[in-house]
Amino acid sequence: MKKFILLFFSLIILSLSTYAQKQFAYQVECISVENSGSVKIKIWNTKKAKKYSQLQARKDAVHAILFSGVSGSNGCVTQKPLLSTPESIEAFKKIENYFFSKNGEWGKYTREASVATTLPQQIGDKKWKVYQVSISKDLLRKYLEEQKIIKSLNSGF
């Protein structure tokens, strides 16, 4: 019975996180994975188009690294989401509002976003703002480990 209840709640958490991810209309494309532990991506918003702000692009880039990851392309290796288990997603939800607040921690893990000079193929010639954002994935992972949201890579199974 315990296993059934645990499975039931896990499915609810997964469905809620999937619903939360659908609220976001951003798209990402990998540019490069850097030796420093950073991932550089292109990001754009399919609903906001040319009204997409640099600040929102940076927040969305961190959100993508946390919840959805970045698919591999252009020679980039697929980046799995840092929050990949129902437990880690639930633990992060407890600090999410603070983390993404105006003075929250999220800003420590991105560098200034710049407008991309080449548009992703999916966009074509539409008048959308596309940003290049570099996210310090290793530092973000370390923060999540310190907050006991995810386990350290060297902690074993």
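Look up a bit, the structure's there.
The present account deals with the structure reproduced in this document. (Residues numbered from 1 in each chain as written. Predicted model: local features only at pLDDT ≥ 70, side-chain atom pairs only at ≥ 80, totals over all residues. Heavy atoms only, no water.)

## What to know about the overall build of the chain
And step 1. Along the backbone of the chain there are five helices and four strands.
And step 2. Secondary structure elements of the chain occur, N-terminal to C-terminal, as α-β-β-α-α-α-β-β-α.
And step 3. Out of the 157 residues in the chain, the part that is buried amounts to 41%. (Helix = DSSP H or I, 4+ residues; strand = E, 2+ residues; numbered from the N terminus. Buried < 20%, exposed > 50% of the residue type's maximum accessible area, 1.4 Å probe, protein only.)

## Points about the packing of aromatic side chains
And step 1. Using the criterion set out here, one finds eight aromatic pairs in the structure.
And step 2. Seen in terms of ring centroids, tyrosine 109 and tyrosine 143 are 5.8 Å apart; in terms of plane orientation they differ by 45°. Their pairing is tilted. Separated by 34 residues along the polypeptide, tyrosine 109 in the loop between α4 (96–99) and β3 (114–115) and tyrosine 143 in helix α5 (residues 137–146) bring together distant segments of the chain.
And step 3. Among the aromatic side chains, those forming a connected cluster through ring pairs are Phe67, Phe92, Phe99, Phe100, Tyr109 and Tyr143. (Phe/Tyr/Trp six-rings, centres within 6.5 Å; stacked < 30°, edge-to-face > 60°.)

## Quick look at the pairing of strand β1 (residues 26–33)
And step 1. Two strands pair when backbone bridges link them, and β1 and strand β2 (residues 38–45) are joined in this way by seven bridges, in the antiparallel orientation. Each bridged residue has a counterpart across the sheet, and for glutamine 27 the counterpart in β2 is tryptophan 44.
And step 2. In textbook terms, the turn of a hairpin is the stretch between consecutive antiparallel strands, and for β1 and β2 this stretch comprises four residues, one of which, glycine 37, has a positive phi near 90°. (Pairing = 2+ DSSP bridges.)

## Concerning the state of the cysteines
And step 1. Following the criterion strictly, the structure yields one disulfide and no others.
And step 2. Sulfur-sulfur distance for the disulfide between cysteine 30 and cysteine 76 comes to 2.3 Å. For the disulfide bridge between cysteine 30 and cysteine 76, the dihedral angle about the S-S bond is near -85°, and by the sign convention the bridge is left-handed. Taken together, the residues cysteine 30 in strand β1 and cysteine 76 in the loop between α2 (54–68) and α3 (86–93) connect sequence positions 46 residues apart. (Disulfide = S-S within 2.5 Å.)

## Some points on the packing of α2 against α5
And step 1. Where α2 contacts α5, the axes come no closer than 12 Å and their chain directions differ by 65°. Classified by chirality, the crossing of α5 by α2 is right-handed. In this structure, α2 contributes Val62, Ile65 and Leu66 to the contact, and α5 contributes Lys137, Leu140 and Leu144.
And step 2. Among the residues forming the contact of α2 with α5, the class breakdown is five nonpolar, no polar and one charged. (Axes fitted to C-alpha atoms, helices over the stretch in contact; angles between N-to-C directions. Left-handed = near helix turned anticlockwise from the far one by under 90°. Contact = heavy atoms within 4.5 Å. Nonpolar A, V, L, I, M, F, W, Y, C, P; charged D, E, K, R; others polar.)

## With respect to unusual backbone geometry
And step 1. Its identity is not glycine, yet alanine 49 carries a phi of approximately 50°, on the positive side.
And step 2. Counting through the fold element by element, alanine 49 comes out in the loop between β2 and α2.
And step 3. If you check the backbone angles, lysine 148 has positive phi at about 65° while not being a glycine.
And step 4. Looking at the secondary structure, you find lysine 148 in the segment after α5.
And step 5. Among the residues examined, lysine 148 registers a relative accessible area of 72% and is labelled exposed.

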